[in-house]
Amino acid sequence: MSDVDSMNKARNFSHRAWMCALSTLLLNSSMGSLYAWSVFVSPLERELMVGRAGTSFVFSVAVVAFTGGVAVAPYFYRLMRGPLLLMTFSLCSVIGLFLASFISSFNPSSWWFLIVGYGVLFGFGAGGTYSVSLQLINIALEKKRGLANGLGIGSFAAGSVVFSLVFSWALTYITVQEIFLIFGFVLLGVGITVGSLVWMSGFELPKTSIDQKAMPQGTPTIFPLLWLGFCCGAFAGLMAIGHAANFIEAYGGTALMITLGVVSVSIGNAIGRLTAGILSDVWSPAYVAVLAHLISLAGFILLLMVSGPWAAVISLGMQGLAYGFIAGAYPSAIAIYIGVSSYGRYFCRLILAWGIAGLTAPWVTGWFFDHFGSYREALFTGTVFSLVGILIAFKLFYSIRASATEGSST
């Protein structure tokens, strides 16, 4: 084969790889709209008269269903091709949105349309597409695994920010039901388009089961550390993020400060995810994880030492950034140290740590506030989790180095 043919072949592969990557990023960011739920809370409370607990329960169901979608997606790899699997999970979310659009104040039982439609179906479909998209982008950009994870995970967070703004604007002109219906058709078109582009790119999901012999020898030691470190980072971050507005209010913040704090969390989260992915291609992801836990620790210490509204705003911005770093570093470590072909299966296990943190951290923080009348005890707890996360990340680095040394000697 001539040099010209080799260059053309490499260029063609690069074009197909980016076609696959960018199309899955489009779908991933669209599914990030699931986390724009807070925009609909007040209108739905007025419409359905179910109260804050009722609307919050819908999103709790969506979080659990999302985690379930991520967890089960890899088990479909043998049953469906990647493009078809993307379309199937997208269709699940579309059906959920269509069902949610049937809510009505004249039918009290229509609240269940929200739970099943938005909570179960939309949440499950979003989780499935999230998992499949990350697996495909890691395969397409195999030589830049950190960047692949940063883009994939960051696009989902960016989508939640963008669609929060879009839906807020749309609510001034149309109802929640109309938004669900219109966005359902939009998501249907995106799912079909992305599935077609991925099919044209020629990239596919791994069909074979995990080959234990092909894995690094230290995988059984590395993954438990990844899981524990990710859980500590997510728990510490969600203790602050889950009560972002309340933290600033408790420290005497104005409405403007509360808005700035909540926005800084979202922006920091999106920037952190992309930055952590890029840095993971340059440094060890374990070092990036250490940096993430350090930022979180600094944010907690700042608010413990300087009790004021602006300190709370800055602290929350640091927690958002640290949370983004956590979300980008640990999945990148799976792709880099365990392998792209095993990414989906191990990522679905990793996401369970996030699910546990998501369900418990906000509640624990609220319990501290109810019993002690302040968030100070929660800040101390977050500090402890950050310190433990630092120790685990260092242990992870040395385990990875020991595994590499053992592998090279054999």
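Residues numbered from 1 in each chain as written. Predicted model: local features only at pLDDT ≥ 70, side-chain atom pairs only at ≥ 80, totals over all residues. Heavy atoms only, no water.

Asks: Can you lay out the overall build of the protein chain for me, pointing to particular residues and giving the numbers?
Replies: Secondary structure summary: the protein chain contains 14 helices and zero strands in total. Scored against the burial criterion, the 410 residues of the protein chain give a buried share of 55%. The long-range share in the protein chain, meaning contacts at least 24 apart out of those at least 6 apart in sequence, stands at 84%. (Helix = DSSP H or I, 4+ residues; strand = E, 2+ residues; numbered from the N terminus. Buried < 20%, exposed > 50% of the residue type's maximum accessible area, 1.4 Å probe, protein only. Contact = heavy atoms within 4.5 Å.)

Asks: Can you break down the packing of aromatic side chains residue by residue, with the values?
Replies: Scanning the model with the defined rule gives 25 aromatic pairs in all. A ring pair is formed by F40 and F167, whose centres lie 5.4 Å apart and whose planes are at 35 degrees; its orientation type is tilted. Linking F40 in helix α2 (residues 38-48) with F167 in helix α6 (residues 145-170), this pair joins segments that are 127 residues apart in sequence. Neither residue differs from the other here; F40 and F167 are each classed as buried. Among the aromatic side chains, those forming a connected cluster through ring pairs are F40, Y118, F122, F163, F167, F180 and F183. Looking at R349, its charged tip hangs above the ring of Y346, at a distance of 4.8 Å from the centre. (Phe/Tyr/Trp six-rings, centres within 6.5 Å; stacked < 30°, edge-to-face > 60°. Lys NZ or Arg CZ within 6 Å of the ring centre and 35° of its normal.)

Asks: Provide a residue-level description of the environment of Y398, including the pertinent values.
Replies: Along the chain, Y398 turns up in helix α14 (residues 376-409). As for Y398 and I222, which are separated by 176 residues in sequence, their C-alpha atoms are 9.8 Å apart.

Asks: Run through the environment of G125, naming residues and quoting values.
Replies: One can find G125 in helix α5 (residues 111-140). Residues within four places of G125 in sequence aside, it is in contact with F89, C92 and S93.

Asks: Explain the packing of α6 against helix α10 (residues 255-280) to me, and be specific about the residues and the numbers.
Replies: Packed helix pairs are specified by the crossing angle of their axes together with the interaxial distance, meaning the distance between the axes. Between α6 and α10, the least distance of the axes is 6 Å, while the angle of their chain directions is 170 degrees. By the criterion of interaxial angle, the relationship of α6 to α10 is roughly antiparallel. Across the interface between the two elements, G146, L147, G150, L151, I153, G154, A157, A158 and V161 from α6 touch S266, N269, A270, R273, L274, G277, I278 and S280 from α10. (Axes fitted to C-alpha atoms, helices over the stretch in contact; angles between N-to-C directions. Parallel < 35°, antiparallel > 145°, perpendicular 65-115°, else oblique.)

Asks: Please set out the nonpolar core residue by residue, giving values where relevant.
Replies: If you look at the biggest cluster of nonpolar residues, it comprises 103 residues, and the most contacted ones within it are L114 and Y118. Counting residues in hydrophobic clusters, the runner-up holds 17 residues, among them A240, F247, Y251 and F300. (Core = buried A, V, L, I, M, F, W, Y, C linked by side-chain atoms within 4.5 Å.)

Asks: Explain the packing of helix α4 (residues 82-100) against helix α7 (residues 176-201) residue by residue, including any values.
Replies: Contact geometry for α4 and α7: axes closest at 9 Å, N-to-C directions at 175 degrees. Comparing their axes, α7 and α4 come out roughly antiparallel.

Asks: So, the environment of N149: which residues are in play, and what are the values?
Replies: In this fold, N149 is placed in helix α6. Setting aside its immediate chain neighbours within four residues, N149 contacts N138, G154, G328, P331, S332, A335 and Y343.

Asks: Kindly report on α5, identifying the contributing residues and their values.
Replies: Between its first and last C-alpha, α5 extends 41 Å over 30 residues, near the 44 Å set by a 1.5 Å rise per residue. When the local axis directions of α5 are compared, the greatest deviation, roughly 25 degrees, occurs at F122. (Expected span 1.5 Å × (residues − 1). Bend = angle between axes of the 7 residues up to and from the residue.)

Asks: Hey, could you go over the state of the cysteines for me, with residue numbers and the actual values?
Replies: Counting across every chain of the model gives zero disulfides. In this structure C232 is not part of a disulfide, and its nearest cysteine sulfur, from C231, lies 6.1 Å away. The class of C232 is buried, set by a relative accessible area of 10%. (Disulfide = S-S within 2.5 Å.)

Asks: How would you summarise the side chain of S101 if you had to cite specific residues and measurements?
Replies: Within the secondary structure, S101 is located in the loop between α4 and α5. By relative accessible area, which is 14% here, S101 ends up buried. Engagement of the side chain of S101 in a polar contact is seen with the backbone oxygen of F98, the distance being 2.5 Å. (Polar contact = N/O pair within 3.5 Å; in protein donor to acceptor, adjacent residues only side chain to side chain.)

Asks: Report on the confidence of the model for the protein chain, specifying residues and quantitative values.
Replies: Detailed reading of the predicted coordinates is not advisable wherever pLDDT is low. Taken residue by residue, the protein chain gives an average pLDDT of 81. The fraction at 70 or more is 88%. Below pLDDT 50 for its whole length, residues 3-8 participates in one contact with residues either more than four positions away or in separate chains. Contacts of residues 209-217 to residues separated by more than four positions or lying in other chains number 14 contacts, the stretch itself having pLDDT below 50. (pLDDT = per-residue confidence, 0-100.)

Asks: Can you lay out a nonpolar patch on the surface for me, pointing to particular residues and giving the numbers?
Replies: A surface patch of nonpolar side chains, about 540 Å² in accessible area, is lined by V282, W283, Y287, F394 and Y398. Tracing the sequence through the fold places V282 in the loop between α10 and α11 (285-305). (Patch = residues over 30% accessible without salt bridge, like charges linked within 9 Å, V, L, I, M, F, W, Y side chains within 5 Å. Areas by Shrake-Rupley, 256 points an atom, 1.4 Å probe, with all protein chains shown as cover. Salt bridge = Lys/Arg side-chain N within 4 Å of Asp/Glu carboxyl O.)

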